[in-house]
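Residue-level listing of the chains:
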Amino acid sequence: MSIGFISHPACALHDMGAGHPESPARLTAIQDRLVAAGLDLILRHYDAPRATREQLLRVHDVAYVDGVLSGAPEEGRVWLDPDTSMNPHSLEAALRAAGAVVAGVDRVVTGDDGAVFCCVRPPGHHATRNRAMGFCIFNNIAVGAAHALAAHGLERVAIVDFDVHHGNGTEDIFTGESRVLFCSTFQHPYYPYSGADNDDGNIVNVPLPAGTRGDAFRSAVREHWLPALESFAPQLVLMSAGFDGHAEDDMSDFLLTESDYAWVTAAVKAVADRHAQGRIVSSLEGGYALDALGRSVAAHLDALLGAGAMTTTQ
Ligand SMILES: [Zn+2]
């Protein structure tokens, strides 16, 4: 099965300042690791297109979208929230990041690629309908899901989010949208302090305590995500792939390893293989310990290629 790898040079030019953990070095760390692991040669590489205003407006309010489109600075930096800023390249990066997921959806729905990984920044899952937050400007995965519904006529799109932070923006956008199932595991209580109280039928929130290790994470996925995914029978699976729950990542208190990311990827891929012709689009969210991030993305892609299938039995 071919795996597409969508990125864009602008994603490495978005820079929120020295010392900010969501840094351009993250993409370099991933790409270096994929080369070292021999995975880079296997992937099909594409440049991300820009998301269009129309595509963004499927999930974001018009005032917010137009504010971002007109608010990008020509020099210096503009702050959108206490954690999130734009430099002169950030608008281009944000448009390419959302456009990558749109292009990924197009590629897997048409069968041009079996699965796609969007190696992009800024990340997206904290961006709500009307605000940027937590390093996120546009909600990339939500833009892709809405594209699958609107442009391809799909009726069941699942989004799984294993970033250590709750995907509050994705939940905000899709609560009450029965064509989208959103499954999220996250440290709780922790930023953004949401997700413990949503009982909407299409939202599967699984808050987990600080100190969560791989065995508890896998149990939570088995008990909560997999039955919901099986009964939903998605036609397409999207992944908010955040690797900041890694034990080496100071951003959180989870103690996951790259083998846990391989396991969850394989477990979700098995669902996609049964129901969605294997169609998966995964998009990078968090992950700030550079070496662990590179190893984790390599394990994730290895599992998407099918090499991690054995780990589902562990
Ligand atoms: Zn995160």
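Residues numbered from 1 in each chain as written. Predicted model: local features only at pLDDT ≥ 70, side-chain atom pairs only at ≥ 80, totals over all residues. Heavy atoms only, no water.

**Description of the overall build of the protein**
Item 1. Per the secondary structure count, the protein includes nine helices and 10 strands.
Item 2. Counting over 314 residues, the protein shows a buried share of 62%.
Item 3. Pairs at least 24 apart in sequence give 75% of the contacts found in the protein among residues at least 6 apart.
Item 4. When the accessible area of the protein is evaluated, it comes to approximately 11200 Å², of which 51% is carbon and sulfur surface.
Item 5. Side chains of the protein carry 21 positive and 39 negative charges; the gap between the two charge centres is 5 Å. (Helix = DSSP H or I, 4+ residues; strand = E, 2+ residues; numbered from the N terminus. Buried < 20%, exposed > 50% of the residue type's maximum accessible area, 1.4 Å probe, protein only. Contact = heavy atoms within 4.5 Å. Areas by Shrake-Rupley, 256 points an atom, 1.4 Å probe, with all protein chains shown as cover. Lys, Arg positive; Asp, Glu negative; His and termini not counted. Charge placed at Lys NZ, Arg CZ, Asp CG, Glu CD.)

**Looking at the coordination of the zinc ion**
Item 1. Around the zinc ion, the protein supplies Asp 163 (OD), Asp 163 (OD), His 165 (ND1) and Asp 244 (OD) as donor atoms, at distances of 2.0 to 2.7 Å.
Item 2. If you look at the zinc ion, its four donor atoms make angles of 52 to 152 degrees with each other, and the shape they trace is irregular.
Item 3. Each donor residue of the zinc ion belongs to the same chain, and together they define the spacing D-x1-H-x78-D. One end of the pair, His 165, is in the loop between strand E6 (157-161) and helix H6 (168-174); the other, Asp 244, is in the loop between strand E9 (236-241) and helix H8 (258-275), and 79 residues separate them in sequence. The residues His 165 and Asp 244 share a single accessibility class, namely buried. (Donors = N, O, S within 2.8 Å, 3.2 Å for Na, K, Ca; no water. Tetrahedral: all angles 85-135°; square planar, octahedral: opposite > 155°, others 65-115°.)

**As for the pairing of strand E10 (residues 280-284)**
Item 1. A large share of E10 lies buried, amounting to five of its five residues.
Item 2. With burial as the criterion, each face of E10 is covered, one bearing Ile 280, Ser 282 and Leu 284 and the other bearing Val 281 and Ser 283.
Item 3. Bridge count between strand E5 (residues 115-118) and E10: four bridges; the pairing is parallel. Counterpart to Ala 115 in the pairing with E10 is Ile 280.
Item 4. Across five bridges, E9 lies against E10 in parallel orientation. Bridge pairing in E10 places Met 239 opposite Ser 282.
Item 5. Considered for its hand, the β-α-β crossover made up of E9, H8 and E10 is right-handed. (Pairing = 2+ DSSP bridges. Right-handed = clockwise from strand over helix to strand, strands pointing away.)

**Focus on the packing of helix H4 (residues 90-109) against helix H5 (residues 140-152)**
Item 1. Contact geometry of H4 with H5 gives a least axis separation of 8 Å together with a crossing angle of 40 degrees. It follows that H4 is oblique to H5 by the angle criterion. For the element pair H4 and H5, the recorded crossing hand is right-handed. On the side of H4, the interface is formed by Ala 94, Ala 97, Ala 98, Val 101, Val 102, Val 105, Asp 106 and Val 109, while H5 contributes Asn 140, Ile 141, Val 143, Gly 144, His 147, Ala 148 and His 152.
Item 2. Classifying every residue of the contact of H4 with H5 gives 10 nonpolar, four polar and one charged. (Axes fitted to C-alpha atoms, helices over the stretch in contact; angles between N-to-C directions. Parallel < 35°, antiparallel > 145°, perpendicular 65-115°, else oblique. Left-handed = near helix turned anticlockwise from the far one by under 90°. Nonpolar A, V, L, I, M, F, W, Y, C, P; charged D, E, K, R; others polar.)

**Topic: the packing of helix H7 (residues 214-232) against H8**
Item 1. Put simply, H7 and H8 touch, their axes get as near as 11 Å, and they point 15 degrees apart. As the angle between them shows, H7 and H8 are arranged roughly parallel. In the crossing of H7 with H8, the sense of the turn from one axis to the other is right-handed. Facing Gly 214, Phe 217, Arg 218, Val 221, Arg 222, Trp 225, Leu 226, Leu 229 and Glu 230 of H7, the residues of H8 in contact are Ser 259, Asp 260, Trp 263, Val 264, Ala 267, Val 268, Val 271, Arg 274 and His 275.
Item 2. Of the residues contributing to the contact of H7 with H8, the split by class is 10 nonpolar, three polar and five charged.

**Some thoughts on the pairing of E6**
Item 1. With five of five residues buried, E6 is to be regarded as a mostly interior element.
Item 2. Going residue by residue along E6, you find Val 157, Ile 159 and Asp 161 tucked away on one face and Ala 158 and Val 160 tucked away on the opposite face as well.
Item 3. Where E6 lies against strand E7 (residues 180-187), five bridges are found, and the strand directions are parallel. Bridging across to E7, Asp 161 finds its partner in Ser 184.
Item 4. One crossover worth recording links E6 to the parallel E7 by way of H6, and it is right-handed.

**Here's the deal with the sheet that holds E7**
Item 1. Spatially, eight strands are ordered E2-E1-E5-E10-E9-E6-E7-E8 in an open sheet, and the strand pairing comes out parallel. Edge positions in the open sheet fall to strand E2 (44-47) and strand E8 (203-208), since each of these has one partner strand only. In this sheet, adjacent strand axes meet at a mean angle of 15 degrees when their direction is disregarded.
Item 2. Strand direction decides the pairing type here: strand E1 (residues 3-7) and E2, joined by four bridges, are parallel. Of the residues in E2, the one forming a bridge with Phe 5 is His 45.
Item 3. Against the sheet, H7 makes contact with E6, E7 and E8, and its axis sits at roughly 175 degrees relative to E7, the strand it touches most.

**Points about the packing of aromatic side chains**
Item 1. Following the criterion strictly, the structure yields six aromatic pairs and no others.
Item 2. Geometrically, the ring pair formed by Phe 5 and Phe 117 is tilted, given 6.1 Å between the ring centres and 40 degrees between the ring planes. Linking Phe 5 in strand E1 with Phe 117 in strand E5, this pair joins segments that are 112 residues apart in sequence. This pair shows no difference in class: Phe 5 is buried, exactly as Phe 117 is.
Item 3. A connected cluster of aromatic rings, assembled from ring pairs, spans Phe 162, Phe 243 and Tyr 261.
Item 4. Across the ring face of Tyr 46, the terminal group of Arg 107 is positioned such that the distance to the ring centre comes to 3.9 Å. (Phe/Tyr/Trp six-rings, centres within 6.5 Å; stacked < 30°, edge-to-face > 60°. Lys NZ or Arg CZ within 6 Å of the ring centre and 35° of its normal.)

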